[in-house]
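What follows is each chain in one-letter form.
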Amino acid sequence: MHLRLIAVGDRQPAWVSAAFDSYAGRLPRLWQFQTHSIATAARRKSAADTRAVQKEGEKILSKLKPAETLVLLDERGKQLSSRQFSDKLNEWQAAGKDLAFVIGGPDGVSTDVQRRADFCWSLSKLTLPHGLARVLFSEQLYRAWSLASGHPYHRD
């Protein structure tokens, strides 16, 4: 199983990069974890710019491989405990799935990306800044691995 994060937003504060890299660096090499950043499309100052969301969606879809399972991170998705996420990750691994996780832009993702998603996962019902979502994602990915491998990182 190979894992990738495709995230809209190419400029993150230093603390986001440091925290994300700290957890991502602990992931098993077997996963060959990669991150792909997509530049945030320019937006008009008026209401939500659907053209920007569409452009970002096209870029996201162009980065996906046909056989990858797409996991969309969205506040409206299914909430899972850390153990439930670890179990879900184990299911995907047992099925030999390569995974692409997607964090959309400031106005979410296009309808096409939503339709392509195989699973929609919510880190929280709270709306999170994208940088914080990246950090929480990488920490939960590491925690899921630690649960599955019996590593003492997770404590109940």
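Residues numbered from 1 in each chain as written. Predicted model: local features only at pLDDT ≥ 70, side-chain atom pairs only at ≥ 80, totals over all residues. Heavy atoms only, no water.

## Structural notes on the sheet that holds strand β3 (residues 69–79)
Sheet architecture is open: five strands sit in the order β2-β1-β4-β3-β5, paired in parallel fashion. Bordering the open sheet on either side are β2 (34–38) and β5 (119–122), each of which pairs with just one other strand. Between one strand axis and the next, the sheet turns by 30 degrees as a mean value, whatever way the strands run. Taken together, the five bridges between strand β1 (residues 3–8) and β2 define a ladder with parallel strand orientation. When the bridges of β2 are listed, leucine 5 appears paired with threonine 35. Along the sheet, helix α2 (residues 50–63) contacts β1, β2 and β4 (99–103); its crossing angle with β1, the most-contacted strand, is approximately 165 degrees. Those strands touched by helix α5 (residues 130–149) are β1, β2, β3, β4 and β5, and its axis lies near 170 degrees from that of β1. (Pairing = 2+ DSSP bridges. Helix = DSSP H or I, 4+ residues; strand = E, 2+ residues; numbered from the N terminus. Axes fitted to C-alpha atoms, helices over the stretch in contact; angles between N-to-C directions. Contact = heavy atoms within 4.5 Å.)

## What to know about the environment of cysteine 120
Of note, cysteine 120 is situated in strand β5. Taking the C-alpha atoms as reference, cysteine 120 lies 4.6 Å from glycine 77; in sequence the two are 43 residues apart. Apart from residues lying up to four places away in sequence, cysteine 120 is in contact with Leu72, Asp74, Gly77 and Lys78.

## Digging into the pattern of salt bridges
Taken as a whole, this structure holds eight salt bridges when the rule is applied. One salt bridge in this structure joins arginine 76 and aspartate 74, with 3.0 Å as the shortest N-O distance. On the basis of relative accessible area, arginine 76 is assigned to the exposed category, the value being 63%. For aspartate 74, a relative accessible area of 14% gives the class buried. Here lysine 88 ties to glutamate 91 by a salt bridge, and the two come within 3.9 Å at their closest N and O atoms. Of the two residues, lysine 88 and glutamate 91 are both situated in helix α3 (residues 82–94); the distance of three residues between them amounts to about one turn of the helix. Among the charged side chains, a salt-bridge network with shared partners connects Arg43, Glu56 and Asp107. (Salt bridge = Lys/Arg side-chain N within 4 Å of Asp/Glu carboxyl O. Buried < 20%, exposed > 50% of the residue type's maximum accessible area, 1.4 Å probe, protein only.)

## Some words on the packing of α3 against α5
With their axes 8 Å apart at the nearest point, α3 and α5 run at an angle of 75 degrees to one another. If you check the angle between α3 and α5, you find them roughly perpendicular. Here α3 contributes Ser82, Arg83, Phe85, Ser86, Leu89 and Asn90 to the contact with α5, which in turn contributes Gln140, Leu141, Arg143, Ala144, Leu147 and Ala148. Among the residues forming the contact of α3 with α5, the class breakdown is six nonpolar, four polar and two charged. (Parallel < 35°, antiparallel > 145°, perpendicular 65-115°, else oblique. Nonpolar A, V, L, I, M, F, W, Y, C, P; charged D, E, K, R; others polar.)

Any functional reading would require information that these geometric values do not contain.
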